[in-house]
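Each chain, written out:
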Amino acid sequence: MTNSSDFREWGKEMVDYIADYMDGVSERPPLSKVKPGYLRSLIPDEAPQYPDKWQDVMQDIERVIMPGVTHWQSPHFHAYFACGNSYASILADMLSDAIGCLGFSWISSPACTELEMVTLDWLGKMLQLPESFLTCTEGSKGGGVIQGTASESTAMALLSAKMKTINKQHELDPDKDQYEIMSKLVAYTSEYAHCSVERASLISSVRMRKLPTDAKFALRGDTLAQAITEDKANGLIPAFVCVNLGTTTSCAFDNLAEIGAICERENIWLHVDAAYAGTSFICPEFRPLADGLEFADSFNFNPHKWMLVNFDCSAMWVRNQIDLVSAFHVDATYLKHEHQDVVVDYRHWHIPFGRRFRSLKLWFVLRLFGVTKLQEHVRKHVSLAREFESFVRQDDRFEIVADVVLGLVCFRLKGSDTLNEELLDRVTKTGKIFMVGSHLNQQFIIRFAVCAAQTESEDILYAWNAIKEEVDGLQVNNNK
Ligand SMILES: Cc1ncc(COP(=O)(O)O)c(C=O)c1O
C-alpha cells in the first residue's frame, strides 16, 4: 500500500469488516479453541519478498487470525473484567495512528500533551476527584496522566513513594546509607489485591505485606495499623499502601476512609487502584464507594476497562506531580525546548519514554457518548449483574459468595471445590459462554462478569441456562 487511493478503498473494506465483526460477534464461540502453536502451520515460514495482495491479506483474517481470537466483545464473554470498546474509540485510534506522533515532551506534539491534561481534568470532574488532583484548579500541584495500564500506574506510584521516602529519611539523617534505607522500606496491600500490585513490589524491590481482610473481603484500618506498629517496632519503614476499590476476585472495596486517615497520620504514600470499579464513580449513586479519596496521593482507574475506551488507556492522577517528576527526571540536549519550564513534559510521568496520542480516544468517547450515556452503560451492566444474581439466588443448589456491588457476580455450587471446578470446566467446553474461577476464603468460586457493551438480558438468561444444563448433567453423573 503506497498511496492514499488504496488506503481509501481498503480502509472502507476494513471498516465494513469491523462493523460486520461487531454485529456478528455473538455468533462466534467466545473462547478460542485452538491448540498452542496452531498458527505457524497456517502461514509461510518467511516474510514475503514482494508485496502480497490486499485481498489475500483480508482473507487470511478469517483463515488465520479469527480461529485464534478469544472474543472479548462477545456478549457471551463473562471472564476477567470488561475490555473497553466502541466505534468512537476505534475511530480516534485510527486518527492517532495517522498522526503518528510521540508525545514525550510538549514540543514533540503540543496537542498530545494539552488534550491529555484537559481530558483528564474533564474525567476527574466526572468522577468528583478531590480538586487537588486536577490541573485546572488554581495553585494545583496535582495532575493527571494516561498510563498504558493499571500495573504501570501502581509501579509508578510505588517507585515514587520509594524515592520520596528515601529522600525524607536521608534529610532526617544524612549519614544514613540510601541502600540501607531502601532495604527497610515496606509496602502494604490486601490479600485480594491484583497480582500487578505484588509485581510492583518486585519491580521496585520494596517488600510488600499482603494483609488479611474482613468478612466482606475488605482491608480495614485496624489491620493496617497493627501491621505498621509491628513493622516500626522491627525497625522497618512503612512507605506505601495500595488500597483496592473493586478487587479482581470479588469486586470488594477496602475501607479507604479508615486506611486514608492512618496513611495521613503516618505520612505514608496512599495509592488507590480502582482499575475496574473507577468508571462507576461517574454515577452519583456509586461515588460513595470512593469515600476517603481526599487522603490519596495517587489514584488510578482504567477507562479501557468499563468506559468504552479501547485498550490502552489507564488514567492516573497524583496530588503532587513533583513526586513523580523528581523521581524519574532525565534530560538530554536534544529534548530541550524553550517552554520546558512552564509546561508538562509527560516523559517524566511514566516508565516508557515515547507515548502515543491516547487522549484522542478518551476525548472522542467523552464527546460522542456524553456523561449521561456513559452512566447509562454502567447502570445497565449493574442491573444485568443483578439479573444474573437473582437467577442464582432462586436455585438453592447455588450460593452467592460476595456482595454484588457492580457488574460482577461471584457464585458457587454448594459442595466441594472439585464439583465447582468440574462445573466450570464443563460449561467452558460447551463453548457457549466463557467465565473464569478464583479463590475466595480458600474456596474455589466462579466469577460471572458482565463485560461486553452489547450484553442484553437475553444473554444473561442464555448464560444461566448454559450453566444450569451442565449442573443437571453434573449431578446425574455424580449420582451414578
Ligand atoms: C483491580 C485491578 N487492578 C489492576 C488490574 C491490572 O490492569 P492492567 O491490565 O491495566 O494492568 C486489574 C485487571 O483486571 C484489576 O482488576
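This text follows the structure it describes.
Quick summary incoming for the structure in this document. (Residues numbered from 1 in each chain as written. Predicted model: local features only at pLDDT ≥ 70, side-chain atom pairs only at ≥ 80, totals over all residues.)

## As for the overall build of the chain
Move 1: The secondary structure content of the chain amounts to 14 helices and eleven strands.
Move 2: The proportion of buried residues among the 480 residues of the chain is 42%.
Move 3: Counting contacts in the chain only where the partners sit at least 6 residues apart, residues at least 24 apart contribute 72% of the total. (Helix = DSSP H or I, 4+ residues; strand = E, 2+ residues; numbered from the N terminus. Buried ≥ 20, exposed ≤ 12 C-beta atoms within 10 Å, placed from the backbone. Contact = placed C-beta atoms within 7 Å.)

## As for the sheet that holds strand S8 (residues 398-400)
Move 1: Here we have four strands laid out as an open sheet, ordered S8-S9-S11-S10, and antiparallel in their pairing. The outermost strands of the open sheet, each flanked by one partner alone, are S8 and strand S10 (436-440). Here the strands of the sheet are splayed against their neighbours by 40 degrees on average, with no regard to which way each runs.
Move 2: Two strands pair when backbone bridges link them, and S8 and strand S9 (residues 408-413) are joined in this way by three bridges, in the antiparallel orientation. Each residue of the ladder has a partner; that of glutamate 399, found in S9, is arginine 412. (Pairing = 2+ DSSP bridges. Axes fitted to C-alpha atoms, helices over the stretch in contact; angles between N-to-C directions.)

## Digging into helix H12 (residues 359-394)
Move 1: With 36 residues, H12 extends only 44 Å from end C-alpha to end C-alpha; this falls clearly short of the ideal 52 Å at 1.5 Å per step.
Move 2: Where H12 bends most, the angle comes to about 90 degrees, and this point is glycine 370. (Expected span 1.5 Å × (residues − 1). Bend = angle between axes of the 7 residues up to and from the residue.)

## Quick look at helix H1 (residues 4-24)
Move 1: The first and last C-alpha atoms of H1 sit 30 Å apart over 21 residues, in line with the 30 Å expected at 1.5 Å per residue.
Move 2: Among the 21 residues of H1, zero are classified as buried, and the element is accordingly described as predominantly exposed.

## Observations concerning the nonpolar core
Move 1: One finds Phe240 and Val241 to be the most contacted residues of the largest nonpolar core, which totals 117 residues.
Move 2: Here this core takes twelve residues from H12, the largest share from any one element.
Move 3: Among the domains, domain 1 (96-365) and domain 2 (374-479) are the pair contributing at least three residues each to this core.
Move 4: For phenylalanine 240, the contacting residues outside a window of four places in its chain are Leu158, Ala161, Ala187, Val206, Ile268, Trp269 and His271. (Core = buried A, V, L, I, M, F, W, Y, C linked by C-beta atoms within 7 Å. Domains from an automatic or database assignment.)

## Some words on the packing of helix H3 (residues 87-99) against H12
Move 1: Relative orientation of the contacting elements H3 and H12 amounts to 145 degrees, with a least axis distance of 8 Å. In the packing of H3 onto H12, the handedness of the crossing is right-handed. On the side of H3, the interface is formed by Ala88, Ser89, Leu91, Ala92, Asp93, Leu95 and Ser96, while H12 contributes Leu360, Lys361, Trp363, Phe364, Val365, Leu368 and Phe369.
Move 2: Split by residue class, the contact of H3 with H12 holds ten nonpolar, two polar and two charged. (Left-handed = near helix turned anticlockwise from the far one by under 90°. Nonpolar A, V, L, I, M, F, W, Y, C, P; charged D, E, K, R; others polar.)

## Considering the sheet that holds strand S6 (residues 298-301)
Move 1: On the basis of which strands lie adjacent, the open sheet formed by seven strands has the order S1-S7-S6-S5-S4-S2-S3 and mixed pairing. The open sheet has two edge strands with one neighbour each: strand S1 (143-147) and strand S3 (207-211). Between one strand axis and the next, the sheet turns by 20 degrees as a mean value, whatever way the strands run.
Move 2: With five bridges connecting them, strand S2 (residues 185-190) and S3 associate as parallel partners. Paired with valine 186 across the bridge in S3 is arginine 207.
Move 3: Its contacts with the sheet put helix H4 (residues 110-126) on S1 and strand S7 (314-318), and the angle it makes with S1 is roughly 105 degrees.
Move 4: Strand contacts of helix H5 (residues 150-172): S1, S2, strand S4 (237-244), strand S5 (269-273), S6 and S7, with the helix running at about 155 degrees to S4, the strand carrying the most contacts.

## Observations concerning unusual backbone geometry
Phi is mostly negative for residues that are not glycine, and the peptide bonds are mostly trans.
Move 1: Cis geometry marks the peptide bond from phenylalanine 311 to aspartate 312; its omega dihedral reads 5 degrees.
Move 2: Inspection of the secondary structure assignment puts aspartate 312 in the loop between helix H10 (303-306) and S7.
Move 3: For glutamine 128, which is not glycine, the phi dihedral falls at a positive 50 degrees.
Move 4: Residue placement: glutamine 128 occurs in the loop between H4 and S1.
Move 5: Here the phi dihedral of asparagine 441 falls at roughly 55 degrees; this positive angle occurs in a residue that is not glycine.

Don't take any of this as a statement about function, it's just geometry.
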